Amino acid sequence: MTPVPTAAATYWDPLWSQGRRYRPLDDTENRLLEHRLGTGRDRPALDIGCGDGSLARRLADLGYRTTGIDCSPSAIALAAAQDPGPGRVPVWQCMDFTTDDLGALPEPAYAVVTCRLVYRWINDKTAFLDRIRHLLAPGGIFWVVTEIAGRRPATDALQDLGITPAQAELLTAGWSAVHTADLDVLRCYALHP
């Protein structure tokens, strides 16, 4: 099945194909991820907006049976090209999580759903969160890493790039437990149904 380009794909695919790269995972973020998610024990994980696949590969390294999705065919191609070879590697799938049929995913539910540097760009955050809740297995974790608006210096042109307090409130509403950790301009959220 060849995906139909969405507005998101039309925007992101040229950036990935032209060599644009985004903030890599660092040791601090990796430690937080491992602390909050633990070992995978072959449970399913879904990385939404996987980009070059670094987070999806990290989840696979932690022992999760991982699927990485992105609306950009160029990002998916880049992620697949970086697979280390035989062993535990993610499944890569080109799809737009906000519009495509969730039934096309390889699992009906996921122990972990991640969303790194993506949430800020979602137009209909309420619908997005509803889709996440639909996919999380009982006891699952929704892991979100996003920039927080106003964390950059006032002179930085990207100062308003992150989510607002109202968007953060929407993100954290309705979960049984919310754990956060700050990393400079980013905030990590571990959300439990």
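What comes next is a walk through the structure. (Residues numbered from 1 in each chain as written. Predicted model: local features only at pLDDT ≥ 70, side-chain atom pairs only at ≥ 80, totals over all residues. Heavy atoms only, no water.)

So, the overall build of the protein chain
Let me state the cut-off plainly: Helical segments are the DSSP runs of H or I of at least four residues, strand segments are the runs of E of at least two, and each set is numbered from the N terminus. Only protein chains enter the calculation, and the probe is 1.4 Å; a residue is then buried if its accessible area is under 20% of its type maximum, exposed if over 50%, and partly exposed in between. Any pair of residues with heavy atoms lying within 4.5 Å of one another is described as a contacting pair. In this description, accessible areas are obtained by the Shrake-Rupley approach with a 1.4 Å probe, and a residue is regarded as covered only by the protein chains that are shown. His is not counted, nor are the chain ends, whereas Lys and Arg count as positive and Asp and Glu as negative. By convention, the charge on Lys lies at NZ, on Arg at CZ, on Asp at CG and on Glu at CD.
Helices and strands together make up the secondary structure of the protein chain, namely six helices and seven strands. Counted from the first residue to the last, the protein chain has its helices and strands arranged as α-α-β-α-β-α-β-β-α-β-α-β-β. A principal-axis box enclosing the C-alpha atoms of the protein chain has dimensions of 45 × 40 × 30 Å. Out of the 193 residues in the protein chain, the part that is buried amounts to 46%. A sequence separation of at least 24 residues applies to 65% of the contacts in the protein chain between residues at least 6 apart. Carbon and sulfur atoms make up 54% of the accessible area of the protein chain, which amounts to about 9500 Å² in all. The positive charge centre, built from 19 side chains, and the negative charge centre, built from 23, are 4 Å apart in the protein chain.

What about the packing of helix H2 (residues 27-37) against helix H3 (residues 54-61)?
Geometrically, a packed helix pair is captured by the angle between its two axes and the distance between the axes. Convention followed: Here the axes come from fitting lines to C-alpha atoms, over the contacting stretch only for helices, and the angles between their N-to-C directions go from 0 to 180 degrees. Angular relationships are summarised with four words: roughly parallel below 35 degrees, roughly antiparallel beyond 145, roughly perpendicular across 65 to 115, and oblique for the angles in between. By convention the crossing between two helices is left-handed if the near helix lies anticlockwise of the far one by an angle smaller than a right angle, and right-handed if it lies clockwise. Here the nonpolar group is Ala, Val, Leu, Ile, Met, Phe, Trp, Tyr, Cys and Pro; Asp, Glu, Lys and Arg are the charged ones; every other residue, Gly included, is treated as polar.
It is at 11 Å that the axes of H2 and H3 come closest, and there the two elements cross at 50°. Considering the angle they form, H2 stands oblique to H3. Note on packing geometry: the crossing formed by H2 with H3 is right-handed. Where H2 abuts H3, its residues Asn 30, Leu 33, Glu 34 and Leu 37 lie against Leu 55, Arg 58 and Leu 59. Tallied by class, the residues present in the contact of H2 with H3 amount to four nonpolar, one polar and two charged.

A closer look at the side chain of Arg 116
The line we're drawing: Counted as a polar contact is a pair of N or O atoms within 3.5 Å, where, for protein atoms, one must be capable of donating a hydrogen and the other of accepting one, and residues adjacent in sequence contribute only when both atoms are in side chains.
Within the element layout of this structure, Arg 116 appears in strand S4 (residues 110-116). Relative accessible area serves as the criterion here: at 10%, Arg 116 is assigned to the buried category. Within the structure, Arg 116 has its side chain in polar contact with the backbone oxygen of Pro 24 (distance 3.3 Å). Reaching out from Arg 116, the side chain makes a polar contact with the side chain of Glu 29 at a distance of 2.6 Å. Ignoring sequence-local partners within four residues, the contact set of Arg 116 consists of Arg 23, Pro 24, Leu 25, Glu 29, Ile 48, Gly 49, Leu 55 and Val 145.

Function cannot be read off these values alone, since they describe shape.
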